[in-house]
Amino acid sequence: MEPIDVIWLKKDIRLHDHGPLSIIAQSSPRQCIVLYLYEPDQLCEKTVHGSHIEFINEGLVDLDKRLYGNNSPSIGCKSIYQYSFQCITVCYAGTAFTLQSIHKQRPIHQILCHLETGHLKSFARDNAVRRWCRANHVAIQELDQTGVTRCLSNRDDFTKNFQRFIDQPLWETPNKRQGQINLYGTCATPLKPSKIHQIPEEHKNDRNERQYGGETSALSMFESFLTQRACNYSSGISSPITSWTSCSRLSPYLTWGNISLRYVIVMTRRKQAELREFKKETRGASPSPWLRSLASFQSRMHWRSHFMQKLESQPSIEEQDQCLAFSHLRRQQGDFNPDYFDAWCQGRTGFPFVDACMRCLINCGWINFRMRAMLVSFATYNLWLDWKVIAPHLARLFLDYEPGIHYPQLQMQAGTTGINTMRVYNVTKQGKDQDPQGVFIRKYVPELKNVPNEYIHEPYNMPTSLQKICGVLIDNSQQRKSVDCLNGFVKSDPKDSTEDEKSSAKAAKDKLSAVRKQQATKDEAKKVYLKHGSR
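Nothing here was measured: the structure is a model prediction, and the numbers come from that model.

*Asks:* Before we go on, may I ask you to explain the overall build of the protein chain in this structure?
*Replies:* When helices and strands are counted, the protein chain shows 22 helices and five strands. In terms of C-alpha radius of gyration, the protein chain reaches 25 Å, essentially the compact-globule figure of 24 Å for 535 residues. The C-alpha extent of the protein chain, read off along each of the three principal axes, is 80 × 60 × 50 Å. Out of the 535 residues belonging to the protein chain, those deemed buried represent 57%. Surface summary for the protein chain: the accessible area is close to 23000 Å², and the carbon and sulfur share equals 51%. With 70 positive and 54 negative side-chain charges, the protein chain shows a spacing of 3 Å between the two charge centroids.

*Asks:* Which parts of the structure should I look at to understand the nonpolar core?
*Replies:* Looking at soluble globular proteins, one finds that nonpolar side chains tend to be buried together. Formed by 65 residues in total, the largest nonpolar core has its most connected members in Tyr 36, Tyr 38 and Ile 88. Looking at this core element by element, the count peaks at seven residues for helix H3 (residues 50-68). When near neighbours in sequence (up to four residues on either side) are disregarded, Tyr 36 contacts Leu 9, Lys 10, Ile 13, Ile 56, Leu 60, Ile 88, Thr 89, Val 90 and Cys 91. Residues Cys 357, Cys 360, Val 427 and Ile 441 belong to the second largest nonpolar core, which totals 50 residues.

*Asks:* Hey, could you run me through the packing of helix H13 (residues 338-346) against helix H16 (residues 387-397) in this one?
*Replies:* The description of two helices packed together rests on the angle between their axes and the distance between the axes. Where H13 contacts H16, the two axes come as close as 11 Å, and the packing angle between them is 25 degrees. Comparing the axis directions of H13 and H16 gives the class roughly parallel. Every pair of crossing elements has a handedness; the one defined by H13 and H16 is right-handed. From H13, Phe 341, Trp 344 and Cys 345 reach across to H16, where they touch Val 389, Ile 390, His 393 and Leu 394.

*Asks:* Which parts of the structure should I look at to understand the packing of aromatic side chains?
*Replies:* Each aromatic ring pair is described using two quantities: the centre-to-centre distance and the angle formed by the ring planes. Inspection of every chain in the model, using the stated rule, returns 16 aromatic pairs. Ring geometry for Tyr 83 against Phe 85: centres 6.1 Å apart, planes inclined by 80 degrees, an arrangement best described as edge-to-face. Of the two residues, Tyr 83 and Phe 85, neither departs from the other in class, the shared state being buried. Where Trp 303 meets Phe 369, the ring centres are 5.7 Å apart and the plane angle is 80 degrees; that geometry is what we call edge-to-face.

*Asks:* Could you clarify how one ought to interpret the packing of helix H15 (residues 369-382) against H16 in this entry?
*Replies:* Two elements in contact, H15 and H16, have axes separated by 10 Å at closest approach and are oriented at 150 degrees. Regarding the angle of H15 to H16, the classification is roughly antiparallel. You can see that H15 and H16 cross each other, and the crossing is right-handed. Residues Val 376, Ala 379 and Thr 380 of H15 form the contact with H16, whose own contacting residues are Trp 387, Ile 390 and Leu 394.

*Asks:* What's the story with the sheet that holds strand E5 (residues 139-143) in this structure? I'm lost.
*Replies:* Across a sheet, paired strands are connected by hydrogen bonds in the backbone, their directions being either parallel or antiparallel. Pairing within the open sheet is parallel, and its five strands lie in the order E3-E2-E1-E4-E5. Strands at the two margins of the open sheet, each flanked by one partner only, are strand E3 (88-91) and E5. Along the sheet, successive strands turn relative to each other by an average axial angle of 25 degrees, direction set aside. Where strand E1 (residues 4-9) meets strand E2 (residues 31-37), six bridges bridge the pair, whose relative direction is parallel. Across the sheet, Ile 4 pairs through a bridge with Gln 31, a residue of E2. Helix H4 (residues 95-105) rests against E1, E2 and strand E4 (108-114) of the sheet, and its axis sits at about 155 degrees to E2.

*Asks:* Help me understand the pattern of salt bridges in this model?
*Replies:* Two side chains carrying opposite charge are able to pair once their charged atoms lie near each other. The final tally for this structure, using the stated rule, is 26 salt bridges. The residue Arg 150 makes a salt bridge to Glu 312 at a minimum N-O spacing of 2.8 Å. Separated by 162 residues along the polypeptide, Arg 150 in the loop between E5 and helix H6 (158-167) and Glu 312 in helix H12 (residues 290-313) bring together distant segments of the chain. Residue Arg 150 is classed as partly exposed on the basis of its relative accessible area, which comes to 22%. For Glu 312, a relative accessible area of 11% corresponds to the buried category. Each of Lys 10, Glu 39, Glu 116, Arg 125 and Asp 126 takes part in one network of salt bridges that share partners.

*Asks:* When you look at helix H14 (residues 352-364) in this model, what are you seeing that I'm missing?
*Replies:* Since there are 3.6 residues in each turn of an α-helix, residues three or four apart along the chain are aligned in direction. Taking 1.5 Å per residue, 13 residues should reach 18 Å; H14 reaches 18 Å between its end C-alpha atoms and fits that length. For H14, the tally of buried residues reaches 12 of 13 residues, placing the bulk of the element in the interior. Taken residue by residue, H14 has Pro 352, Phe 353, Val 354, Asp 355, Ala 356, Cys 357, Met 358, Arg 359, Cys 360, Leu 361, Asn 363 and Cys 364 as its buried positions. In the stretch just after H14, Gly 365 is the one whose phi turns positive, near 75 degrees.

Parameters at a glance
- Residues numbered from 1 in each chain as written.
- Predicted model: local features only at pLDDT ≥ 70, side-chain atom pairs only at ≥ 80, totals over all residues.
- Heavy atoms only, no water.
- Helix = DSSP H or I, 4+ residues; strand = E, 2+ residues; numbered from the N terminus.
- Rg over C-alpha atoms; globule rule 2.2 N^0.38 Å.
- Buried < 20%, exposed > 50% of the residue type's maximum accessible area, 1.4 Å probe, protein only.
- Areas by Shrake-Rupley, 256 points an atom, 1.4 Å probe, with all protein chains shown as cover.
- Lys, Arg positive; Asp, Glu negative; His and termini not counted.
- Charge placed at Lys NZ, Arg CZ, Asp CG, Glu CD.
- Core = buried A, V, L, I, M, F, W, Y, C linked by side-chain atoms within 4.5 Å.
- Contact = heavy atoms within 4.5 Å.
- Axes fitted to C-alpha atoms, helices over the stretch in contact; angles between N-to-C directions.
- Parallel < 35°, antiparallel > 145°, perpendicular 65-115°, else oblique.
- Left-handed = near helix turned anticlockwise from the far one by under 90°.
- Phe/Tyr/Trp six-rings, centres within 6.5 Å; stacked < 30°, edge-to-face > 60°.
- Pairing = 2+ DSSP bridges.
- Salt bridge = Lys/Arg side-chain N within 4 Å of Asp/Glu carboxyl O.
- Expected span 1.5 Å × (residues − 1).

Dropping the structure here:
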């Protein structure tokens, strides 16, 4: 039997700047199969959500049509679940099992894929595949696609390695069709989340207003950013109102590999060069925010890989604090309040801006970075919730859930890295700063739609007579220490609400500060900086 090559797709569902596809198309004389797997062991992960699967499926259909070329079957207005794969071999089965099945039918000459910085289960899966390759004498090439270095020995080398990766030429887009092979668990059409029994029923649903997946959508989104929207990037990224258009909105496409990080950086550089040339020709006739905004955007692309490198260098930070001196905080008996956690998860804390941001995430799967940080700050400081407890819920909410960003960021916002300044957001002030007229609040907390601007951020301060007029009745019959709930939930005395927010934050900061001041913590923090610090 003639040997074949296998391109193993993971979080790289695209055609452009795709090393494995390009290498095979240009240099391999052998037949090749492009393989994507719905892996049961990975789908068991508690961070998986139906919206993630829907987004992946849209990307798979888009890539299959691109691989098939101009004659690809059109699905028109039909559901993607009526589309039959023409080029990609898709299976609902484990990786090592599937590779063994292929190897029995046709000897595998080599496997090509991209390196993935994922959670611990994906890390274990990748190790198992490497062991299988060694045992079966099969070559495997794992190509970089994020600028993250495996087995980085010195953090000082990260920026140099990242820059070297970005400066490499983009891979050529292949035009050679790939073959298929019959395997156990083969899926002729995309697999619906409802058919994946590893995902709990309550997490199989989609999100009503999420972004649509696929390379076509990703490239279109990027084009609109570079040609129209990036001008307002720097000024508009902080507000949940303006960020919908001023942010690039590329994060889910980068996460699932519908667009290449290197492609984004290279194309942005070209746009910057055009703008500089235009500025030179016009002698800087009028100041423009374009160059400043694109420079800010580029720095965040570097920042993205910087955080992913942390998890790559220390996979254990998915489960433990970077600075172990903080490990006892929020984990003592009585620290966890299930009522606070449930109210926070549902967007029913009684703090309007917090609730609006959480409900926005539930509906859309996306919100800007500042609001994400605020939600984590409120949970970990005001409600004293453990970052490990809130991590799965947020991962399921984020359509762009990226483990390498998720866990380091959660720890940074929770104050357990030992090397970052405590970031404690005053949620009421954030609401007044970022949503002064309450537009965002009224959209996602419609119970407050009739509340005047004067009280929209602190409706518990409304006189009872005005509450009745607005249709917002606040129950003051019982007391809680730091979480206030509106509309059928318990609400603390309105005179104490602002003080509760400040006092709960202060109490949390005092606890963390006491640990930070200890010499043992400072010594450990130095080690954390050497391993993970920005430089």
